Amino acid sequence: MAKQLPPLFREKMIDLLGIEEFEHFLASYEEPRVYGLRVNTGKVERSEFLEESPFQLTAVPWVPEGFYYEEGERPGKHPYYHAGLYYIQEPSAMAPVELLRIKPGEKVLDLCAAPGGKSTQIAAKLQGVGVLVVNDIHSDRVKALVKNLELLGVRNAVVLNEKPERMLTAFEGYFDKILIDAPCSGEGMFRKEEEMMGQWERHSVQEFAAMQRELLGQAAVMLAPGGRIVYSTCTFSPEENEAQIAEFLDKYPAFDVVPIEGFSPGRPAWLREPWCEADAYSEKAKAAVAGTARLWPHKLRGEGHFLAVLGLGEGLGAGERDRAGSSAGEGERAESSRASAGASASAGAADFVAAAGKRSSRQALRGKGRAEAPPSTGVSLEPLEAFSGELLRSEPFALRRLVCYGEHAYASPAGLPELHGLKVVRPGWYIGALHRGRFEPSHALAMGLRLREAKRALSLASRDERALRYLKGETLEVAESEILRDPEETKAAKGYCLVCIDDHPVGWGKWLDGMLKNEYPPGWRWT
């Protein structure tokens, strides 16, 4: 594969690394790529998964939940994948979220989130407590983002499909932690995805650098005092890495680089011609980038990445950040303010909001159009309350804000600001549809539940051939004695039940007279 590397890329890396290190770097392209999965601790404890895992796993050193698996194994073709117990993820890509140092209850933004691997990693660290806002500007990629959040049972995520500059008014100084997994030239992915080499030759590094510069400035506006930003790329170019951080530090002096240990350091010496303007950065900023990190494929088992942790000093408000050097973002905030102007405030403390407006239920479900100020019209919750009373031991969304777009009900995380004028794909955990006097639970609700939260359930063993048949969408023969329920609490076995595999929820079924009607979504079925 080394022979296929673009000639200009080879020349650049020789200039940066020197011929001796370049030879070691080049040799890594002849080595087999590595494969990884990350245990979803939002659903299963690490120790429990290791006891149940059918795979031969080796720990990834920098992520407690991360593991290498062998190339011949197929974790995507196992029932546990459909139960959301793990996410298949390149090992180096697990590092950025680890550096955020997330605590349950915090407010976290994944600014460039699709397809959702890092978003689900953030969610697992929040443990369902706090606010997770995930955004991606590309509408064609948001569908995969939503599916991955649902698959891994995330309860407290809001999904946006918005330009970051339009988010600034709603979220100014709001987030404790922000991840920028920035669009980049992708040089670190050449071994994993050979098609990236063709894209590298078509797109300029400078094009990506301009986008990255804007994203960093926008994130600075949305970060709360004492918060931190983690900036990451999967490229080697200093223009997209050290240069971005040095320029940011000079522009936003209230921020500091939080040194990263355990990886190769950033390269201040690369802030030079012909890759960067040698005199464009202060000596302080250039020295600080030594605290960033580089993950090299010839030095660890993973692909190429760059990482930087940026901390904002305590007690510095948004206005002080501007005076400290944030002139960029003023125009962005102005545009965001114009977009949100005139939007009326809804009853933020209300338990339930009916939000119809100009946005149809189909638009709300697919993320089309922008969120409107909710009217005061009421929507009956009786079918949802009846379902909860019959099926759930507790209401997992009881402390959240229930929002309904048309007939579709969501549990929105507490403490979320108003999102009027923004393109909201999911305002929270999608619970289901209130349709013609009945409630139809969503697949997302099933995936977000735990077996102990259901009053009526069926748990199939992964070795039971019916487990695979359920995932294929087939109707199953199930004896009444197999339906798990407390007779004193749930007298009838018939009706909806939470279907699990080895006690891990995978979807809904409807039981009646020895038969389980399959409610597994067609687009999710085992093929």
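See above for the structure.
Residues numbered from 1 in each chain as written. Predicted model: local features only at pLDDT ≥ 70, side-chain atom pairs only at ≥ 80, totals over all residues. Heavy atoms only, no water.

Asks: Go over the pattern of salt bridges, please, and point to the residues and values.
Replies: A side chain with one charge may pair with a side chain of the opposite charge, provided their charged atoms come close. Inspection of the entire model under this criterion finds 25 salt bridges. One salt bridge connects Lys192 with Glu193, and the closest N-O pair in it is separated by 3.9 Å. Judged by its relative accessible area of 26%, Lys192 falls in the partly exposed class. The class for Glu193 is partly exposed, based on a relative accessible area of 26%. Two residues, Glu480 and Arg485, come together in a salt bridge whose shortest N-O distance is 3.5 Å. A residue is classified by how much of its surface remains accessible, and Glu480, at 42% relative accessible area, is partly exposed. Arg485 sits in the partly exposed class, given a relative accessible area of 24%. Shared partners join several salt bridges into a network, and the residues in it are Lys12, Glu187 and Glu239. (Salt bridge = Lys/Arg side-chain N within 4 Å of Asp/Glu carboxyl O. Buried < 20%, exposed > 50% of the residue type's maximum accessible area, 1.4 Å probe, protein only.)

Asks: Tell me what's going on with a negative patch on the surface, and back it up with residues and numbers.
Replies: Negative charge collects at one region of the surface, where Glu45, Glu48, Glu51 and Asp503 lie side by side. Here Glu48 shows up in helix α3 (residues 46-52). Residue Glu48 is classed as partly exposed on the basis of its relative accessible area, which comes to 31%. (Patch = residues over 30% accessible without salt bridge, like charges linked within 9 Å, V, L, I, M, F, W, Y side chains within 5 Å. Areas by Shrake-Rupley, 256 points an atom, 1.4 Å probe, with all protein chains shown as cover. Lys, Arg positive; Asp, Glu negative; His and termini not counted. Charge placed at Lys NZ, Arg CZ, Asp CG, Glu CD. Helix = DSSP H or I, 4+ residues; strand = E, 2+ residues; numbered from the N terminus.)

Asks: Kindly report on empty space enclosed by the protein, identifying the contributing residues and their values.
Replies: To find leftover empty space, a probe the size of one water molecule is rolled over the atoms. Enumeration according to the criterion identifies 3 cavities of 30 Å³ or more in this entry. Val146, Leu149, Glu150, Val154, Arg155, Ala157, Val159, Arg426, Gly428, Trp429, Tyr430 and Ala444 are the residues that line the second largest cavity. Breaking the lining of the second largest cavity down by element, the ones donating at least two residues are α7 (139-151), β7 (157-160) and β18 (429-435). A class-by-class count of the residues in the lining of the second largest cavity yields 8 nonpolar, 1 polar and 3 charged. (1 Å grid on protein atoms, 1.4 Å probe; cavity = no way out; pocket = protein on both sides within 12 Å on 5 of 7 lines; lining within 4 Å. Points joined across faces, edges and corners; volume = space filled by probe spheres on them. Nonpolar A, V, L, I, M, F, W, Y, C, P; charged D, E, K, R; others polar.)

Asks: Please give an account of the packing of helix α10 (residues 205-222) against helix α11 (residues 242-251) that cites residues and values.
Replies: Following both chains from N to C, one finds α10 and α11 inclined at 40 degrees, their axes separated by 10 Å at the closest point. As far as their axial angle goes, α11 and α10 are oblique. Two packed elements cross with a definite hand, and for α10 against α11 that hand is right-handed. Seen from α10, the contacting residues are Ala209, Gln212, Arg213, Leu216 and Ala220; seen from α11, they are Gln244, Glu247 and Phe248. Looking at side-chain class alone, the contact of α10 with α11 contains 4 nonpolar, 2 polar and 2 charged residues. (Axes fitted to C-alpha atoms, helices over the stretch in contact; angles between N-to-C directions. Parallel < 35°, antiparallel > 145°, perpendicular 65-115°, else oblique. Left-handed = near helix turned anticlockwise from the far one by under 90°. Contact = heavy atoms within 4.5 Å.)

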